[in-house]
Amino acid sequence: MVKIDLVRKDPTLEAADEALEQLGNREAARTYVGVSQIGGCARKVYYGFLMVPRQPFDALTLKRFADGHRTEDLIIERLRHVEGITLIDRDPETGKQIEVTDHNGHYLGHLDGEILGIKQSPKTWHVFEVKCVGDQAFAKFQKFKRDYHEKNVLKQWNETYYAQAQEYMMYRGMTRHYMVVASAGGRMWDSIRTDFDKGAAEYYSDRARQIIDDPNIVPDRISENASFYQCNWCEFSNVCHDGDPPPRNCRTCIYSDPVADGDWRCGYHRVILSTDEQRTGCAKQRYRPALVPGVLLSTNDETNELSYRLQSGDEWIDNGEEI
């Protein structure tokens, strides 16, 4: 009798996963500071804003993202069947998600929607969000609902979601937020309402402004321990904790600055840069000193060179070569 290997992987499914990874990681990263990120690690937000390439997502992570998008659509469809509910998930003028923006167009967010008519508060418009989470996170959320007053749960459970809620309420001029938390496919679901806190909203908006207005200052890490769970999962851990040099592009260059209308300007060539130009950079690129693991010793404008003493004690001249 032929022995069957029951744990042997299916080569067809492996090939499908590989194709998913190629397609899923081909999409260019966002070019702005996202409202959905601002409650997390500020340094992670900073690296994303400077177009530091993230480590690629594996197939399982990309599937989770897809689960989230499909679950969001499913939840919206279900809620629309409830009599008395009005749920707006698209801007009627653009047909796209409702957008909020600030800080010269470099700070953007896109709402899942706005809702009126929920049974708990039928006469009040709420910012509406759906979060698709794993079973452990869902169980933790429900435990927090048992342990805390409802209006305090979101802040205790997930700061990133809390910051996003506060920002959307502030920019949309609303005082209530309604979030549906669901497992993949929406089989299990629960909800939470959160009140607007002007101080919290301004705090997170100011965090975004600092990252945008002064890209020559690197924010603190969320943890100095590379094995901290948020650092361990982070797609920028190789640059942040392992010391890999960031790429040479326009946003990591000392000569570029964010300007109005979400644009970037090159001070060396004195031009507004396209997004493709920003990603590619040019031979005149010189690192922002804050990105170099050392101390700036001197600059030479004639030769376009910056001299450093690295943490290793060696001297290094930034003349376009790698660190």
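## Quick word on the packing of helix α5 (residues 150–157) against helix α6 (residues 159–172)
Argument step 1. Packing of α5 against α6 leaves a shortest axis separation of 5 Å and a crossing angle of 120°. In terms of their interaxial angle, α5 and α6 are classed as oblique. Within the contact between the two elements, α5 uses L154, K155 and W157 and α6 uses E159, Y161, Y162 and A165.
Argument step 2. Broken down by class, the residue content of the contact of α5 with α6 amounts to five nonpolar, no polar and two charged.

## Examining the side chain of Q278
Argument step 1. Examined against the element boundaries, Q278 turns out to sit in helix α10 (residues 275–280).
Argument step 2. Exposure remark for Q278: the relative accessible area of 3% places this residue in the buried category.
Argument step 3. Of note is the side chain of Q278, whose polar atom sits 2.8 Å from the side chain of R251.
Argument step 4. Side-chain polar atoms of Q278 contact the backbone oxygen of L273, separated by 3.1 Å.
Argument step 5. When near neighbours in sequence (up to four residues on either side) are disregarded, Q278 contacts M51, N249, C250, R251, W264 and L273.

## Some points on the sheet that holds strand β9 (residues 256–258)
Argument step 1. Here we have three strands laid out as an open sheet, ordered β9-β10-β11, and antiparallel in their pairing. Two strands in the sheet have a free side with no partner beyond their single neighbour: β9 and β11 (271–273). Pairs of neighbouring strands in the sheet enclose a mean axial angle of 35°, with direction left out of account.
Argument step 2. Summarising the sheet, β9 and strand β10 (residues 264–266) pair through three bridges and their orientation is antiparallel. Note that in β10 the partner of S256 across the bridge is C266.

## Considering the sheet that holds strand β4 (residues 107–110)
Argument step 1. Reading across from one edge, β1-β4-β3 is the order of the three strands in this open sheet, with mixed pairing throughout. Only two strands of the sheet have a single partner each, and these edge strands are β1 (33–34) and β3 (99–102).

## What to know about the pairing of β3
Argument step 1. Where β3 and β4 come together, four bridges link them in antiparallel fashion. Each residue of the ladder has a partner; that of T101, found in β4, is L108.
Argument step 2. Taking the residues between adjacent antiparallel strands as the criterion, β3 and β4 are bridged by four residues, where H103 takes a positive phi near 50°.

## Here's the deal with the nonpolar core
Argument step 1. Counting residues in hydrophobic clusters, the biggest one holds 43 residues, and the most contacted among them are V33, I38, W157 and I211.
Argument step 2. Of all the elements in the fold, those that place two or more residues in this core are α2 (42–49), α4 (135–147), α5, α6, β7 (176–182), α7 (198–213) and α9 (237–240).
Argument step 3. Top element by residues in this core is α6. It accounts for six residues.
Argument step 4. Residues within four places of I38 in sequence aside, it is in contact with V33, V45, Y107, A163, E167, Y204, R207, A208 and I211.
Argument step 5. Within the second largest apolar cluster, 12 residues are counted, among which are I75, L79, Y178 and A182.

Analysis parameters
Residues numbered from 1 in each chain as written. Predicted model: local features only at pLDDT ≥ 70, side-chain atom pairs only at ≥ 80, totals over all residues. Heavy atoms only, no water. Axes fitted to C-alpha atoms, helices over the stretch in contact; angles between N-to-C directions. Helix = DSSP H or I, 4+ residues; strand = E, 2+ residues; numbered from the N terminus. Parallel < 35°, antiparallel > 145°, perpendicular 65-115°, else oblique. Contact = heavy atoms within 4.5 Å. Nonpolar A, V, L, I, M, F, W, Y, C, P; charged D, E, K, R; others polar. Buried < 20%, exposed > 50% of the residue type's maximum accessible area, 1.4 Å probe, protein only. Polar contact = N/O pair within 3.5 Å; in protein donor to acceptor, adjacent residues only side chain to side chain. Pairing = 2+ DSSP bridges. Core = buried A, V, L, I, M, F, W, Y, C linked by side-chain atoms within 4.5 Å.

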